[in-house]
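# Breakdown of the fold
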Amino acid sequence: MIEIRPATPADYDTIGELTVDVYVDGGFVSDTSTYVDRLRDTASRAEHAEVVVAVAGDEIVGSLTIAEPGTPFADVAEPGELEFRMLAVAPTARGKGVGSALVKHVLDEAYDRGLARVVISTEADMVDARRIYDRNDFVPAPQRDWEPMPGVALTVLVREFV
């Protein structure tokens, strides 16, 4: 059973380390990148966005950050949209529905708020995450693709509610 709940301050260190491990060990971010500090700093994320965790038993096995347009952690969200980022699932929990449960939580939140869309920026190499997004009817929005820094191409995916 996977429980999705808001992160608490007691969770922040675990979330930060999990997120860094997933992004660095997955080869998505260099361990020398300044982005590592942003991934680790869960307290700042929770101050400006919503951080949720996936818990199995008494262990945090996943997390993601939900941001509204115009807030510090929203890179691409526009009015009427909810953005999520920094999806991280512990290697031991992969293939067990953790990532899907986290994404479903965001979709449910957006729907309950009466929003039109959910958006995510992702890298081409994030194959496991892309499978989750594909299963949840996210589609590319190539006109919104962007580079947070030269050489780092991000694809924007959008899930619309009809």
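Below is a summary of the structure that appears in this document. The structure presented is a predicted model; accordingly, all values stated were derived computationally and were not measured.

Right, let's get into the nonpolar core. Judged by nonpolar contacts, the single largest core of 51 residues is most densely connected at Leu 64, Phe 84, Leu 87, Val 103, Tyr 133 and Phe 138. Setting aside its immediate chain neighbours within four residues, Phe 84 contacts Leu 64, Thr 65, Ile 66, Val 103, Val 106, Val 118, Val 119, Ile 120, Tyr 133 and Phe 138.

The subject of this paragraph is the packing of aromatic side chains. This structure, assessed with the given rule, holds five aromatic pairs. Taking 6.1 Å as the distance between ring centres and 75° as the angle between the ring planes, the aromatic pair formed by Phe 84 and Phe 138 counts as edge-to-face. In this pair, Phe 84 sits in strand 4 (residues 81-89) while Phe 138 sits in the loop between helix 5 (127-135) and strand 6 (139-140), placing the two residues 54 residues apart along the sequence. Each member of the pair, Phe 84 as well as Phe 138, is classed as buried. By way of ring pairs, the aromatic residues Phe 84, Tyr 133 and Phe 138 are connected into one cluster.

A few words on the pairing of strand 8 (residues 152-160). As paired strands, strand 5 (residues 117-122) and strand 8 are joined by six bridges and run antiparallel to one another. Residue Val 119 lies in a different strand from strand 8, and its bridge partner there is Val 158. Looking at chain direction, strand 6 and strand 8 are connected through two bridges and run antiparallel. If you follow Val 139 over to strand 8, its bridge partner there is Val 158.

On to helix 5, then. For the α-helix, the turn length of 3.6 residues means that residues three or four positions removed from each other point alike. Buried within helix 5 are the following residues: Ala 129, Ile 132 and Tyr 133. The arc that holds the buried residues of helix 5, viewed along the axis, is 95°, so those residues lie on one side. If you follow the buried residues of helix 5, they end up packed against strand 4, helix 4 (98-112), strand 5 and strand 8. Just beyond helix 5, the residue with positive phi is Asp 137, at close to 65°.

Assignment of secondary structure puts Thr 65 in strand 3 (residues 59-67). A polar contact is formed between the side chain of Thr 65 and the side chain of Arg 45, at a distance of 2.9 Å. When near neighbours in sequence (up to four residues on either side) are disregarded, Thr 65 contacts Arg 45, Ala 49, Glu 50, Val 51, Glu 83, Phe 84, Arg 85 and Met 86.

All chains considered together, the criterion is met by eleven salt bridges. The salt bridge partner of Arg 5 is Asp 11, with a shortest N-O separation of 2.7 Å. Asp 11 sits in the buried class, given a relative accessible area of 8%. Where Glu 50 meets Arg 113, a salt bridge forms, and the shortest distance between an N and an O atom there is 2.5 Å.

Backbone geometry follows two general trends: most residues other than glycine have a negative phi, and most peptide bonds adopt the trans configuration. In this structure, Met 86 is a non-glycine residue whose phi angle is positive, near 55°. By the element assignment, Met 86 lies in strand 4. One non-glycine residue, Asp 137, lies in the positive phi region at around 65°. Examined against the element boundaries, Asp 137 turns out to sit in the loop between helix 5 and strand 6. By relative accessible area, which is 49% here, Asp 137 ends up partly exposed.

Another point: the packing of helix 4 against helix 5. Running from amino to carboxyl end, helix 4 crosses helix 5 at an angle of 50°, the nearest separation of the two axes being 10 Å. By the angle between their directions, the pair helix 4 and helix 5 is classed as oblique. Along this stretch, helix 4 crosses helix 5, giving a crossing that reads as right-handed. Contacts between helix 4 and helix 5 involve Gly 99, Ser 100 and Val 103 from the former and Ile 132, Tyr 133 and Arg 135 from the latter. Classifying every residue of the contact of helix 4 with helix 5 by side-chain character gives three nonpolar, two polar and one charged.

Definitions and cut-offs
Residues numbered from 1 in each chain as written. Predicted model: local features only at pLDDT ≥ 70, side-chain atom pairs only at ≥ 80, totals over all residues. Heavy atoms only, no water. Core = buried A, V, L, I, M, F, W, Y, C linked by side-chain atoms within 4.5 Å. Buried < 20%, exposed > 50% of the residue type's maximum accessible area, 1.4 Å probe, protein only. Contact = heavy atoms within 4.5 Å. Phe/Tyr/Trp six-rings, centres within 6.5 Å; stacked < 30°, edge-to-face > 60°. Helix = DSSP H or I, 4+ residues; strand = E, 2+ residues; numbered from the N terminus. Pairing = 2+ DSSP bridges. Arc of directions from axis to C-beta. Polar contact = N/O pair within 3.5 Å; in protein donor to acceptor, adjacent residues only side chain to side chain. Salt bridge = Lys/Arg side-chain N within 4 Å of Asp/Glu carboxyl O. Axes fitted to C-alpha atoms, helices over the stretch in contact; angles between N-to-C directions. Parallel < 35°, antiparallel > 145°, perpendicular 65-115°, else oblique. Left-handed = near helix turned anticlockwise from the far one by under 90°. Nonpolar A, V, L, I, M, F, W, Y, C, P; charged D, E, K, R; others polar.

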